[in-house]
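Structural description and commentary
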Amino acid sequence: MTKMMNLSRETVSLLLLALLSSTLLLCSGDSTTVEDESPPTVCIIGSGIGGSSVAHFLRNYSASTALSRSRILMFERHERVGGRMRTVTVSGDTFEAGGSILHPKNYHARDFVERFNLTVRSPTAVEECSAVGIWDGKRFVFKTFGSSIPFADKIVSWLNDVYMFVRYGFSLLRMSNFIENMIDNFLKYYESLDSRPVFDSVEGMLKWSGLYNLTKVTLQEKLSDAQLSPLLVNELVTVITRINYGQSVLISGLAGAVSLAGSGGGLWSVEGGNWQMAAKLINHSDVTLHLNEQIESVSHLGDYYELKSAKGNSFKCDVTVVSTPLDEVDIQFSPAISIPKRELQHTHATFVRGLLNPEYFGMKSVSDVPALVGTLEDPLIPFSCISILRKYSATDMTYKMFTRQPASDSLLDELFSARTETVRIDWGAYPKYHAPEVFAPFILDDHHLYYVNAFENAASTMEISAVAGENMARLIVSRFRTKESSSSSSPSSDTRSCSSGLHSDM
């Protein structure tokens with residue numbers, strides 16, 4: 001009897017062992033485990049602040065998914081990273097040529113600077129106290145006071161505030177409230193992940209923050225509703241939109257509000273160039289960077305994308321993120337994608353070392369010309385703005401000029417009495433804004449083809465690209481989690497008994 005009981009126990013043990021082995025096989029599959037599978041490859045086209053932010057936030061948010069072990073490949077058609085963040089050298093000095101200024105409440109940019117020990121460059125007291133003039137093509141209709149004495153900056157600033165109030169009245173306060181309301185809504189994009197959804201469309205992202213309606217009307221209409229005086233809109237607001245977006249007050253309301261926010265106090269940049277933010281994000285995100293690698297085609301081939309470059313190289317990708325404006329690049333998609341037609345506003349930045357011609361502005365001395373000359377909306381005025389970047393002496397300075405068309409030598413010879421060096425840069429800088437705005441999708445197909453720059457039709461700044469990139473990273477992770485959950489719960493899956501319970505929300 002004892003012998004039979006021992007035999008029964010041995011039999012039961014063997015049966016339990018067999019059952020356990022069978023269960024493990026069900027959970028692990030017949031061949032390879034998840035850990036043994038090759039990690040997914042994420043391909044990012046474009047190395048600007050948008051694409052580099054996607055890479056950064058993917059590394060931060062993908063810890064519990066297969067994406068945590070992903071390979072990230074980044075393709076840049078130029079020989080440098082940074083996209084539309086770029087510096088230019090004039091006579092040995094370096095100046096911002098692309099995205100130039102950051103707002104004090106640009107919290108992603110602030111985090112990048114602190115995280116990577118970059119240095120913040122704030123305007124000097126003299127720079128902030130430089131005179132501003134509004135040029136109508138024949139005369140200065142308005143000029144503020146300037147000062148070259150640092151300790152007098154507060155007095156001069158106060159005088160300018162009074163002077164502007166006399167001209168524009170309470171409309172200045174209404175404009176400030178309009179800007180602050182927009183900023184307050186924008187700050188919702190920094191809320192915690194628990195309280196902030198993952199957005200799969202630009203429209204949804206804008207509606208959630210309360211910014212969508214601003215894209216449906218022009219800035220001029222919105223400011224009229226806010227009871228701003230036509231004088232303020234036609235002068236000061238017009239100068240700001242021409243400087244920041246190269247466009248008039250007929251741009252859409254959100255882009256206009258963002259432009260106005262970029263004219264306030266506390267603006268800053270990164271010492272040595274804003275492009276360093278993208279470079280640091282890329283370097284610290286374990287990215288394989290391909291410079292001078294222009295992608296010509298993206299084809300979806302069942303389980304993956306094939307990217308082909310102008311060099312004849314081919315890359316296999318599980319996820320493809322387009323982080324460059326598709327408006328002026330020739331990338332062939334198969335199957336074809338559908339996005340609204342959009343034009344880019346080109347800003348021609350011309351850097352001149354020399355001396356401005358005071359006679360062009362009806363002045364006797366160059367010291368009488370304001371350090372920043374803004375212009376009204378008039379097709380006969382050949383430039384949007386001219387500003388002093390650096391003053392070496394009373395007769396030797398470096399200037400930056402924005403125009404909508406290339407600045408010809410004849411125009412420069414009219415504007416400057418002397419030129420020792422001239423550098424021209426043509427930027428496809430931002431979309432041409434029209435109300436009501438129409439948006440491209442974030443997800444370009446039914447799989448994993450994404451478009452960060454769809455958000456640019458709302459407004460375009462370095463920080464906005466980072467905000468869009470952060471949401472894009474969350475969207476990719478969210479959809480991967482949904483895919484993993486679906487695979488784990490599928491009736492035909494070998495891993496159906498080992499569902500991880502992952503959710504599509506972050």
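Scroll up to find the structure.
Since the model is a prediction, treat every value here as computed from it, not as a measurement. (Residues numbered from 1 in each chain as written. Predicted model: local features only at pLDDT ≥ 70, side-chain atom pairs only at ≥ 80, totals over all residues. Heavy atoms only, no water.)

1. What about the pattern of salt bridges?
The final tally for this structure, using the stated rule, is 16 salt bridges. A salt bridge links Arg-115 to Asp-111; the nearest nitrogen and oxygen atoms lie 3.1 Å apart. Pair noted here: Arg-115 and Asp-111 are both in helix α3 (residues 107-115), with a separation of four residues, about one helical turn. Relative accessible area serves as the criterion here: at 42%, Arg-115 is assigned to the partly exposed category. Look at Asp-111 and you get partly exposed, because its relative accessible area is 28%. Asp-396 is the salt-bridge partner of Arg-353, the closest N and O atoms lying 2.7 Å from each other. Within this pair, whereas Arg-353 is found in strand β15 (residues 344-356), its partner Asp-396 is found in strand β18 (residues 396-403), the two being separated by 43 residues in sequence. (Salt bridge = Lys/Arg side-chain N within 4 Å of Asp/Glu carboxyl O. Helix = DSSP H or I, 4+ residues; strand = E, 2+ residues; numbered from the N terminus. Buried < 20%, exposed > 50% of the residue type's maximum accessible area, 1.4 Å probe, protein only.)

2. Some thoughts on the sheet that holds strand β2 (residues 71-75)
Paired through backbone hydrogen bonds, the strands of a sheet run either parallel or antiparallel to each other. Ordered by their spatial adjacency, five strands build an open sheet running β9-β2-β1-β13-β20, and the pairing between neighbours is parallel. Edge positions in the sheet fall to β9 (287-290) and β20 (449-451), since each of these pairs with one other strand and no more. Along the sheet, successive strands turn relative to each other by an average axial angle of 20°, direction set aside. Against the sheet, helix α2 (residues 49-61) engages β1 (41-45), β2, β9 and β13 (319-322), with an angle of about 175° to β2. (Pairing = 2+ DSSP bridges. Axes fitted to C-alpha atoms, helices over the stretch in contact; angles between N-to-C directions. Contact = heavy atoms within 4.5 Å.)

3. Some words on the state of the cysteines
Inspection of every chain in the model, using the stated rule, returns one disulfide. The disulfide that involves Cys-43 links it to Cys-317, with 2.0 Å between the sulfurs. Taking the torsion about the S-S bond as the criterion, the Cys-43 to Cys-317 disulfide, at about -80°, is left-handed. Placement of the pair is Cys-43 in strand β1 and Cys-317 in strand β12 (residues 314-317), with a sequence separation of 274 residues. Of the residues examined, Cys-317 reaches a relative accessible area of 0% and is grouped as buried. (Disulfide = S-S within 2.5 Å.)

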